[in-house]
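Listed below are the residues making up each chain.
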Amino acid sequence: MGEEVEFTAPLWEWGARDSWYFVTLDEEASALVDERPRPPRGFGSVPVRVSVGTTTWRTSVFPESASGRYVLPVKKAVRRAEHLEEDEPVTVRLEVLD
């Protein structure tokens, strides 16, 4: 198991095409993602294990050019299971995977 970081940030919607929901990693979590060496992947994605409430899943975080941080997609099943609403704070535990 790698190092974990916990942070809280609001859930937000990106509705360019379909409705996608994200949480932006804070500076500490983004730095943890950046410091782990890894092979390049599509769109600069980095594989992670994430927990929100009692739900844990594997996904990838993606770099967000405007802020220099990473964004975490939050799928509908997780939003429903954990009763997450747009603009409300979400507490996330994140582990960068190899």
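Reading the values: the criteria
Residues numbered from 1 in each chain as written. Predicted model: local features only at pLDDT ≥ 70, side-chain atom pairs only at ≥ 80, totals over all residues. Heavy atoms only, no water. Salt bridge = Lys/Arg side-chain N within 4 Å of Asp/Glu carboxyl O. Helix = DSSP H or I, 4+ residues; strand = E, 2+ residues; numbered from the N terminus. Pairing = 2+ DSSP bridges. Buried < 20%, exposed > 50% of the residue type's maximum accessible area, 1.4 Å probe, protein only. Arc of directions from axis to C-beta. Contact = heavy atoms within 4.5 Å. Polar contact = N/O pair within 3.5 Å; in protein donor to acceptor, adjacent residues only side chain to side chain. Lys, Arg positive; Asp, Glu negative; His and termini not counted.

Brief notes about the pattern of salt bridges
Next, step 1: One pass over the structure, following the stated rule, counts two salt bridges.
Next, step 2: We note a salt bridge from Glu95 to Arg49, for which the minimum N-O separation is 2.6 Å. Remark: Arg49 occurs in strand E3 (residues 46–52) and Glu95 occurs in strand E6 (residues 89–96); sequence separation between them is 46 residues.

Focus on the pairing of E6
Next, step 1: Relative to E6, strand E1 (residues 4–14) is paired through seven bridges, and the arrangement is antiparallel. Residue pairing across strands places Glu4 opposite Glu95, the latter belonging to E6.

Overview of helix H1 (residues 27–35)
Next, step 1: All buried positions along H1 are accounted for by Ala29, Ser30, Leu32 and Val33. Down the axis of H1, the buried side of the element spans an arc of 155°, and every buried residue falls inside it. Turned more than 90 degrees from where H1 packs its buried face, Glu27, Glu28 and Glu35 sit exposed.
Next, step 2: Buried residues in H1 make contact with E1, E3, strand E4 (55–64), strand E5 (69–73) and E6.
Next, step 3: The N-terminus of H1 is capped by Asp26, whose side-chain oxygen sits 3.3 Å from the backbone nitrogen of Glu28.

Some thoughts on the side chain of Arg79
Next, step 1: Relative to the helices and strands, Arg79 is located in helix H2 (residues 76–81).
Next, step 2: One buried charged residue, Arg79, remains without a salt bridge, the closest side chain of opposite sign being Glu13 at 7.6 Å.
Next, step 3: What Arg79 contacts, discounting residues up to four positions off in sequence, is Leu11, Tyr21, Val74 and Leu84.

Looking at the environment of Trp14
Next, step 1: The residue Trp14 is located in strand E1 in this model.
Next, step 2: Trp14 gets classed as partly exposed once you look at its relative accessible area, which sits at 45%.
Next, step 3: Along the primary structure Trp14 and Pro47 are separated by 33 residues, whereas in three dimensions their C-alpha atoms are 21 Å apart.
Next, step 4: For Trp14, the residues in contact, after removing those within four places along its chain, are Ser19, Trp20 and Phe22.

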